[in-house]
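Understanding the architecture of this molecule
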Amino acid sequence: MEDSGRVILENLIKLTRSSENKFKRGNFKGALDDKIKANAILKSKFCDEKMIQEYRKELSNLYCSKFDLIFDHKLKINEIKINEIVQMLERKSQEKLKNLDYRGAIKALRRAEKYISN
């Protein structure tokens, strides 16, 4: 069981890094596809709280920046407000995807991930 959890976490990290690389190269549709796959794994029954915490640490490393306004904003709001913002950004991403705006959709998902990172 421990090995399968590690494999799932490694796949999540690979998908997230792949998504970031594709985003930086301008392949927004590919980045969005990888991000959607990663989110599907995160929301599946195979992910436990420990795995989600490890994934959040990885996100923190990936999105680490000297000038991070989202990090500053997270310090001033509570967990309920953070969850509301994440849900709003996920809805916004879905709306952008319906309009075939892949760049806008992936940007909204990336912003949502920054709110859930540590």
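Above this text you will find the structure in question.
Residues numbered from 1 in each chain as written. Predicted model: local features only at pLDDT ≥ 70, side-chain atom pairs only at ≥ 80, totals over all residues. Heavy atoms only, no water.

Two packed helices can be described by the angle between their axes and the distance between those axes. Two elements in contact, helix H5 (residues 79-98) and helix H6 (residues 102-116), have axes whose closest approach is 7 Å; the angle formed by their N-to-C orientations is 165°. It follows that H5 is roughly antiparallel to H6 by the angle criterion. In the crossing of H5 with H6, the sense of the turn from one axis to the other is left-handed. Mapping the contact onto sequence places Ile82, Ile85, Val86, Leu89, Glu90, Ser93, Lys96 and Leu97 in H5 and Tyr102, Gly104, Ala105, Ala108, Leu109, Arg111, Ala112, Tyr115 and Ile116 in H6. (Axes fitted to C-alpha atoms, helices over the stretch in contact; angles between N-to-C directions. Helix = DSSP H or I, 4+ residues; strand = E, 2+ residues; numbered from the N terminus. Parallel < 35°, antiparallel > 145°, perpendicular 65-115°, else oblique. Left-handed = near helix turned anticlockwise from the far one by under 90°. Contact = heavy atoms within 4.5 Å.)

What follows covers helix H3 (residues 49-62). In a regular helix each residue adds 1.5 Å, so 14 residues correspond to 20 Å; H3 covers 20 Å between its end C-alpha atoms and thus fits that length. Among the residues of H3, Met51, Tyr55, Glu58, Leu59 and Ser60 are the ones counted as buried. (Expected span 1.5 Å × (residues − 1). Buried < 20%, exposed > 50% of the residue type's maximum accessible area, 1.4 Å probe, protein only.)

One non-glycine residue, Leu100, adopts positive backbone phi at about 60°. Here Leu100 is to be found in the loop between H5 and H6.

Core analysis: the biggest nonpolar cluster contains 11 residues, these being Ile8, Leu9, Leu12, Ile13, Leu15, Ala38, Leu42, Cys47, Met51, Tyr55 and Leu59. Elements represented by at least two residues in this core include exactly helix H1 (2-25), helix H2 (28-42) and H3. (Core = buried A, V, L, I, M, F, W, Y, C linked by side-chain atoms within 4.5 Å.)

Turning our eyes to something else, we now look at the environment of Leu12. Relative to the elements of secondary structure, Leu12 occurs in helix H1. The exposure class of Leu12 is buried, given its relative accessible area of 0%. Here the alpha-carbon distance between Leu12 and Ile41, two residues 29 residues apart in the chain, equals 7.4 Å. Apart from the residues lying within four places of it in its own chain, the contact partners of Leu12 are Ala38, Ile41, Leu42, Cys47 and Tyr55.

This paragraph deals with the environment of Arg110. With respect to the element layout, Arg110 can be found in helix H6. On a C-alpha basis, the gap between Arg110 and Glu90 in space is 9.6 Å, while along the polypeptide they are 20 residues apart.

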